[in-house]
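# Structural overview for review
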Amino acid sequence: MSAPATELLALDRAAQDLLFRAARTANAFTDEPVDEEQVRAIHDLVRNGPTAMNAQPLRVLLLRSAPARARLLPYLSSGNRDKTAGAPLTAVLAADVDWHDRLPELFPHRPGARDWFTGDPAGREAQARFNAALQIGYLLIGVRAAGLAAGPMAGFDAAGVEREFFPDGRHRVLLLMNIGRPAPDAWRERLPRLDYAEVVRTL
Ligand SMILES: Cc1cc2nc3c(=O)[nH]c(=O)nc-3n(C[C@H](O)[C@H](O)[C@H](O)COP(=O)(O)O)c2cc1C
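Position numbers for residues count from 1 along each chain, tracking the sequence in the order it is written. Only residues with pLDDT of at least 70 get local features here, since the model is predicted, and only at 80 or more are side-chain atom pairs given and counted; chain-wide, interface and lining totals rely on the full set of residues. With hydrogens and water set aside, each side-chain value is computed from the structure's full complement of heavy atoms.

With that out of the way, let us pick up the site of the ligand. By nearness alone, 14 residues border the ligand, and Arg24, Thr25, Asn80, Lys83 and Arg190 come closest of all. Between the ligand and glycine 155, the relevant distance is 2.9 Å, taken from an oxygen atom to a main-chain nitrogen or oxygen of the residue. Contacts described as polar in this section are N or O atom pairs within 3.5 Å, which, within protein, must combine one atom able to donate a hydrogen with one able to accept it, while residues neighboring in sequence count only if both atoms come from side chains. Residue arginine 193 places a side-chain N or O atom 3.0 Å away from an oxygen atom belonging to the ligand. Every accessible area reported is derived by Shrake-Rupley at a probe size of 1.4 Å, with residue values counting cover from the shown protein chains alone. Taken by itself the ligand offers 630 Å² of open surface, and the protein chains cover 65% of this. Note that Gly is not counted as nonpolar here; it falls among the polar residues with everything else outside the nonpolar set of Ala, Val, Leu, Ile, Met, Phe, Trp, Tyr, Cys and Pro and the charged set of Asp, Glu, Lys and Arg. Looking at the shell around the ligand residue by residue, the class counts come to five nonpolar, four polar and five charged. One heavy atom suffices: a residue is near a molecule or strand as soon as one of its heavy atoms comes within 4 Å of it.

Here is the structure:
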């Protein structure tokens, strides 16, 4: 197997490592706070990540206070509860299924685009989930770029979290993400990754 072709990449090696090679999923965090300015800086970095029709369906609810966190904990799987209680910040990542309402502003060169989706709630939800998932990927890398670690979690009762935090019915909660500085015991063993030949085919 040849060495990674680092020199073919535009980012310097330290940035590559911070964002990708050395980055890990954190399972424990220090109590150092993650402040509003840091989250704004991450948003500013990732806001231009592309989505279909520029729809940008991701909505983020930040849970910082202990009472806010306490409302979330009952909906988590047991393995996710303690690390979430101990994280300085937890982001609830949701998709707005009525994202098409913003198309006149976000996709202005197609004035009728909103109307294409009004009668298709199932298609809208599928698009919302797909594009918000892409945005979650951008966000995860943005957290790393800020020198922080992310702990994404799908192990929770999504319907319960939607009832608790999004009673308007227009949001689907896709993922939770703890964000903070990793504690010394934050890491699990690195799991194997698929090789190039297992993932990529060229015709
Ligand atoms: C969408 C998603 C859902 C995940 N859900 C959970 C979860 O519920 N609980 C958990 O402990 N880890 C969860 N993880 C963490 C993954 O297991 C972890 O990111 C993966 O094994 C890679 O770990 P590494 O970044 O340290 O190599 C999730 C990760 C992602 C991206």
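So, next bit.
Aromatic rings from Phe, Tyr and Trp, with only the six-membered ring used for Trp, were paired whenever their centres fell within 6.5 Å, and each pair was classed as stacked if the ring planes differed by under 30 degrees, edge-to-face if by over 60, and tilted otherwise. According to the stated counting rule, one finds two aromatic pairs in the structure shown. Judged by centre distance (6.4 Å) and plane angle (50°), the rings of tryptophan 116 and phenylalanine 117 are tilted. Among the aromatic residues, those joined into a ring-pair cluster are Trp99, Trp116 and Phe117.

Time to look at unusual backbone geometry. Despite not being glycine, methionine 53 shows a phi value in the positive range, around 55°. To qualify as a helix, a DSSP run of H or I must reach at least 4 residues; to qualify as a strand, a run of E must reach at least 2; elements of each kind are numbered from the N terminus. You can see methionine 53 is positioned in the loop between helix 2 (36–46) and strand 1 (58–63). One non-glycine residue with positive phi stands out, namely asparagine 54, at about 55°. Here asparagine 54 lies in the loop between helix 2 and strand 1.

Further remarks concern the nonpolar core. We call a set of buried Ala, Val, Leu, Ile, Met, Phe, Trp, Tyr and Cys residues a nonpolar core when their side-chain atoms join them within 4.5 Å. Throughout this description, buried means an accessible area under 20% of the type-specific maximum (1.4 Å probe, protein chains only), exposed means over 50%, and partly exposed covers the range between. Within the largest apolar cluster, 27 residues are counted, with the highest numbers of intra-cluster contacts made by Leu93, Leu103, Ile136, Val143, Met177 and Ile179. Taken together, the elements giving at least two residues each to this core come down to strand 2 (89–96), helix 6 (113–117), helix 7 (121–145) and strand 4 (171–180). Of the residues forming this core, the biggest block, six residues, is contributed by helix 7. Excluding residues within four positions of it along the chain, methionine 177 makes contact with Leu89, Thr90, Ala91, Leu93, Ile136, Leu139, Leu140, Val143, Ala150, Gly151 and Pro152. The contact definition used throughout considers only heavy atoms, calling two residues in contact when any of these lie within 4.5 Å.

What follows covers the pattern of salt bridges. Salt bridges are counted wherever a side-chain nitrogen of Lys or Arg sits within 4 Å of a carboxyl oxygen of Asp or Glu. This structure, assessed with the given rule, holds 16 salt bridges. Between arginine 13 and aspartate 17 there is a salt bridge whose closest N-O contact spans 3.9 Å. One end of the pair, arginine 13, and the other, aspartate 17, are both in helix 1 (residues 13–21), four residues apart, so they sit about a helical turn from each other. Residue classification places arginine 13 among the partly exposed residues on the basis of a relative accessible area of 43%. Taking the relative accessible area as the measure of exposure, aspartate 17 reaches 22% and is therefore partly exposed. Between glutamate 125 and arginine 172 there is a salt bridge whose closest N-O contact spans 3.2 Å. Pair noted here: glutamate 125 is in helix 7 and arginine 172 is in strand 4, with a separation of 47 residues, a long-range link.

For the rest of this paragraph, the subject is the sheet that holds strand 2. Spatially, 1-2-4-3 is the arrangement adopted by the four strands of the open sheet, whose pairing is antiparallel. Pairing within the sheet leaves two strands with one partner each, and these edge strands are strand 1 and strand 3 (149–153). Averaged over all adjacent pairs, the angle separating strand axes in this sheet is 30°, with direction ignored. For two strands to be treated as a pair, DSSP must find at least two bridges joining them. Pairing of strand 3 with strand 4 involves five bridges; the strand directions are antiparallel. By the bridge assignment for strand 4, alanine 150 is matched with isoleucine 179. Only the contacting stretch of a helix is used when fitting its axis, a line to C-alpha atoms as for every element, and angles between N-to-C directions run 0 to 180 degrees. Sheet strands in contact with helix 4 (residues 78–85) are strand 2, strand 3 and strand 4, and its direction is about 150° off that of strand 3.

Spatial relationships are all this shows, so hold off on functional conclusions.
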